[in-house]
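Descriptive analysis of the structure
Given next are the chains, with one letter for each unit.
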Amino acid sequence: MSLNIGTLISAFPGYLAQGIIWGIMALGLYISFRVLEFSDLTVDGSFAAGGAVTVMLILSGKPALLAVFAAVLVGILCGLCTGLLHTKFGIAPILSGILTQIALYSVNLHILGNKANQAVSVDKYSLLLSLRHPGPAIAAAGIFAAALIAVMYWFFGTELGSAIRATGSNPNMSKAQGINIDRMKVLALALSNGTVALAGGLMAQYQGFADVQMGRGAIVIGLAAIIIGEVFRRLIKITTPFDYAISLFFVIVGGIVYYVIMGIALWLRLPTNDLKLFTALIVAFALAIPQLHERRRLSRRKAGSGKGGAGQ
Amino acid sequence: MIELKNVTKVFHAGTANERRALDGVNLHLFPGDFVTVIGSNGAGKSTMLNAIAGVWPIDEGSIVLGGKEISHLPEHRRAPMLGRVFQDPMTGTAADMQILENLALAARRGKRRGLKWHYTPIEREDYRELLNMLGLGLEDRLTAKVGLLSGGQRQALTLLMATLVQPQLLLLDEHTAALDPKTAQKVLEITDRIVSENSLTTLMVTHNMNDAIRHGNRLIMMDSGRVIFDCSGEEKKKLTVEDLMEKFSSASGGSGGSLADDRALLS
Ligand SMILES: Nc1ncnc2c1ncn2[C@@H]1O[C@H](COP(=O)(O)OP(=O)(O)OP(=O)(O)O)[C@@H](O)[C@H]1O
Ligand SMILES: [Mg+2]
């Protein structure tokens, strides 16, 4: 049972590629959880839907890029569904998401031709990326991530994007400023799930199959990426006009870091059964960091003032 | 300018908690009226302003603003005609957006929000000037997050945002109540200036009777969801706090409970 650092290093490109893809997924989550402050649980379903649509279209002979584009459209529909359940019928955010997610389980089975999974071989079809060629896979995922960051930076800087940000930040103020917050919520959820489905489409190609379960735990991984990214973001104390783009970039960084940590866990032969437990611990830890940091700062200040008091 | 006719709002209708918050309110404001609104806790002052703003639909009556019936419109559709400042300084601004972004959002009230950049360079300069006139040192902090501002600064900013697009009616609901006395006076001064410069029709709720007498050209008192006293012009100028206390006690039928609360607020 020796640990060979060589195996870890040779696996690294794979983790990098998967990290970027999950980072793209996390950028989708960022729109709902961070911008809109809406806990959207649709994503487990829309991620799998993106994968399923992509694989089935490629199997039917469509070009991979077109398949991914269709996946985005399907993701947008998933988001619309959750958004309308919430805004038109007043169903609570979490429940709206869960309803769509559950419905998508059946829908995804149908998309996959009533099978739990469908393989798409890189030998037979021309895919945008595959784990068989890690280098080009990293490049392809990186291009999608960079393009997405650019588009999100632009969009959330427009009047419309700004209205979505305001809706998330203060819905009452937004209504008082004439913003139709219901419309903004639906729009943001659609864009969020479109992005998640894009990541699903890329992941299915990377791993060479789509599985009805492939989105399981996506929310936790996405949140982990966002939060780890924020922890790293805080270490870099520069402010530029492109702050927002940098924050988005760090979501991708968070995805990569998460995957490398998981890779190290696997390399250390952590039982695969315990991986989910490990994930939860990482996320809990990353979430706790700001609190721990604050507490340390306070206790240090207390110690300092104590000394001052003794000196008087 | 605005006309409320028999406006009625019942909360929790048909339950043990039923509450007739507005009980057939009639009110007509002329263009340029600056009306201060007083009344004890629970009199229905905020409910009246919320009914105008469309926070929820009213049960009965009509609200006509600038010749247009608005009582069936959703809140965001009435917003272009209304400027609003709230009691809680947190309510009127988006804390994790910049001062500049908040102002730019307000400048687009009632306009189509499309795919143009969310502010223009010209706007930036305009806002700097407007903030300069507030005299709160905000002009050099355009890109600061609003969450970093004090309550008074936030209320002044909200006032600016409420009037950036000229509203047909300005609704101020105890917008100085959460501020210390000095800051409250400063924000009231700014209010007076903005209202008179733009000749805005205004409804201002306050618990401070001195302020209610000193500001505006007209004063109304509410009790149990009705307007029970309405005076303007010379008659208002002659009002004293004692007169108002008198009205309060006759309104509350000598029960005195809410009266004592309001007397405490006078000091
Ligand atoms: N959204 C609501 N749901 C239920 N009851 C409400 C609601 N808003 C107001 N009320 C009730 O309506 C009555 C009038 O309340 P309102 O807030 O208008 O009083 P107010 O005159 O503004 O008092 P204050 O001086 O305390 O602000 C109160 O009894 C209040 O409890
Ligand atoms: Mg009130």
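Scroll up to find the structure.
What counts and how
- Residues numbered from 1 in each chain as written.
- Chains lettered and ligands numbered in written order.
- Predicted model: local features only at pLDDT ≥ 70, side-chain atom pairs only at ≥ 80, totals over all residues.
- Heavy atoms only, no water.
- Helix = DSSP H or I, 4+ residues; strand = E, 2+ residues; numbered from the N terminus.
- Rg over C-alpha atoms; globule rule 2.2 N^0.38 Å.
- Buried < 20%, exposed > 50% of the residue type's maximum accessible area, 1.4 Å probe, protein only.
- Contact = heavy atoms within 4.5 Å.
- Lys, Arg positive; Asp, Glu negative; His and termini not counted.
- Charge placed at Lys NZ, Arg CZ, Asp CG, Glu CD.
- Salt bridge = Lys/Arg side-chain N within 4 Å of Asp/Glu carboxyl O.
- Axes fitted to C-alpha atoms, helices over the stretch in contact; angles between N-to-C directions.
- Parallel < 35°, antiparallel > 145°, perpendicular 65-115°, else oblique.
- Left-handed = near helix turned anticlockwise from the far one by under 90°.
- Nonpolar A, V, L, I, M, F, W, Y, C, P; charged D, E, K, R; others polar.
- Pairing = 2+ DSSP bridges.
- Buried area = accessible area lost by both parts, 1.4 Å probe.
- Polar contact = N/O pair within 3.5 Å; in protein donor to acceptor, adjacent residues only side chain to side chain.
- Near = heavy atom within 4 Å.
- Areas by Shrake-Rupley, 256 points an atom, 1.4 Å probe, with all protein chains shown as cover.
- Patch = residues over 30% accessible without salt bridge, like charges linked within 9 Å, V, L, I, M, F, W, Y side chains within 5 Å.
- Phe/Tyr/Trp six-rings, centres within 6.5 Å; stacked < 30°, edge-to-face > 60°.
- Lys NZ or Arg CZ within 6 Å of the ring centre and 35° of its normal.
- Core = buried A, V, L, I, M, F, W, Y, C linked by side-chain atoms within 4.5 Å.

The helix and strand inventory of chain A stands at eleven helices and two strands. Computed over its C-alpha atoms, the radius of gyration of chain A comes to 21 Å, within 12% of the 20 Å expected for a compact globule of 312 residues. Across the 312 residues that make up chain A, the buried fraction comes to 49%. The contacts of chain A with a sequence gap of at least 6 include a subset with a gap of at least 24, amounting to 78%. When the 23 positive and 11 negative side-chain charges of chain A are each reduced to one mean point, those points stand 7 Å apart.

This part is about the pattern of salt bridges. Using the criterion set out here, one finds 16 salt bridges over all chains in the structure. The shortest N-O distance in the salt bridge between Arg132(A) and Asp123(A) comes to 2.8 Å. Classification of Asp123(A) as exposed rests on a relative accessible area of 57%. As a salt-bridge pair, Glu234(B) and Lys237(B) come within 3.4 Å of each other at their nearest N and O atoms. Here Glu234(B) pairs with Lys237(B), and both are found in helix H8 (residues 233–237), just three residues apart, close to one helical turn. Given a relative accessible area of 51%, Glu234(B) falls into the exposed group.

To continue, consider the packing of helix H3 (residues 64–89) of chain A against helix H4 (residues 93–111) of chain A. For any two helices packed against each other, the geometry is given by the interaxial angle and the distance between the axes. Residue and element names in this part refer to chain A. Two elements in contact, H3 and H4, have axes separated by 9 Å at closest approach and are oriented at 140°. Classed by the angle they form, the pair H3 and H4 counts as oblique. Considering the relative orientation of H3 and H4, their crossing is right-handed. Taken together, the residues of H4 that come into contact with H3 (itself represented by Cys78, Cys81, Thr82, Leu85 and His86) are Pro93, Ser96, Gly97, Leu99, Thr100 and Leu104. Counted by class, the contact of H3 with H4 contains six nonpolar, five polar and no charged residues.

A word on the pairing of strand E6 (residues 82–85) of chain B. Residue and element names in this part refer to chain B. Of the two faces of E6, the one carrying Leu82 and Arg84 and the one carrying Gly83 and Val85 are both buried. Of the strand pairs in this sheet, E6 and strand E7 (residues 169–173) are connected by four bridges, and their pairing is parallel. Opposite leucine 82, over in E7, you have leucine 169 as the bridge partner.

Turning next to the interface of chain A and chain B. Taken together, the contacts link 22 residues of chain A with 27 residues of chain B. Here chain A meets chain B over a buried area of about 2200 Å², counting both sides, of which 56% is carbon and sulfur. It is Glu159(A), Met173(A) and Gln177(A) in chain A that bury the most area against chain B; as a group they hold 32% of the surface buried on that side. At the junction of chain A with chain B, the criterion picks out three salt bridges. Here Arg108(B) makes a salt bridge to Glu159(A), at a shortest N to O gap of 2.7 Å. Counting across the interface, chain A meets chain B through 13 residue pairs in polar contact (both at pLDDT 80 or more). Contributing elements (two or more residues each) for the side of chain A that touches chain B: helix H5 (134–155), helix H6 (159–169) and helix H7 (171–176) of chain A.

Moving on: the site of ligand 1. Residues and elements named next belong to chain B. Among the 14 residues in the neighbourhood of ligand 1, the closest are listed as Asn41, Lys45, Ser46, Thr47 and His207. Here asparagine 41 contributes a side-chain N or O atom positioned 2.8 Å from an oxygen atom of ligand 1. A distance of 2.4 Å is found between an oxygen atom of ligand 1 and a side-chain nitrogen or oxygen belonging to threonine 47. Within the complex, the protein chains bury 67% of what would otherwise be the 630 Å² of accessible surface of ligand 1. Contributions of two or more residues to the shell around ligand 1 are made by strand E2 (19–29) and helix H1 (45–53). The element best represented in the shell around ligand 1 is H1, accounting for three residues. Partitioned by chemical class, the residues of the shell around ligand 1 number three nonpolar, eight polar and three charged.

Turning to the sheet that holds strand E5 (residues 68–69) of chain B, a few remarks are in order. Residues and elements named next belong to chain B. Here we have four strands laid out as an open sheet, ordered E2-E1-E4-E5, and antiparallel in their pairing. Pairing within the sheet leaves two strands with one partner each, and these edge strands are E2 and E5. Here strand E1 (residues 2–11) pairs with E2 via eight bridges, running antiparallel. Residue pairing across strands places leucine 4 opposite leucine 27, the latter belonging to E2.

On to a nonpolar patch on the surface. Together, Val151(A), Trp154(A), Leu115(B) and Trp117(B) make up a nonpolar patch on the protein surface, roughly 390 Å² of accessible area in all. Its place among the elements puts Val151(A) in helix H5.

Attention shifts here to unusual backbone geometry. Even without glycine at this site, Glu37(A) takes up a positive phi of about 55°. Within the fold, Glu37(A) resides in the loop between helix H1 (5–35) and helix H2 (43–59). Non-glycine residue Ser199(B) carries a positive phi angle of around 35°. Structurally, Ser199(B) can be placed in the loop between helix H6 (181–197) and strand E8 (202–205). The class of Ser199(B) is exposed, set by a relative accessible area of 53%.

Moving on, we get to the packing of aromatic side chains. Residue and element names in this part refer to chain A. Counting across every chain of the model gives nine aromatic pairs over all chains. An angle of 75° between the planes, with centres 5.2 Å apart, marks the rings of phenylalanine 155 and phenylalanine 156 as edge-to-face. Relative accessible area serves as the criterion here: at 12%, phenylalanine 155 is assigned to the buried category. Using a relative accessible area of 3% as the deciding quantity, one classes phenylalanine 156 as buried. Members of the aromatic cluster, joined through ring pairs, are Trp154, Phe155, Phe156 and Tyr244. Positioned above the aromatic ring of tyrosine 244, the side-chain terminus of arginine 165 is 5.9 Å from the ring centre.

One finds Ile24(A), Ile99(B) and Leu131(B) to be the most contacted residues of the largest nonpolar core, which totals 121 residues. Not counting chain neighbours up to four residues away, the residues in contact with Ile99(B) comprise Leu131(B), Leu138(B), Arg141(B), Leu142(B), Ala144(B), Val146(B), Leu149(B) and Leu157(B). Counting residues in each nonpolar core, the second largest holds 29 residues, with Val7(B), Leu27(B), Ala43(B) and Ile63(B) among its members.

Nothing here speaks to function; it is all geometry.
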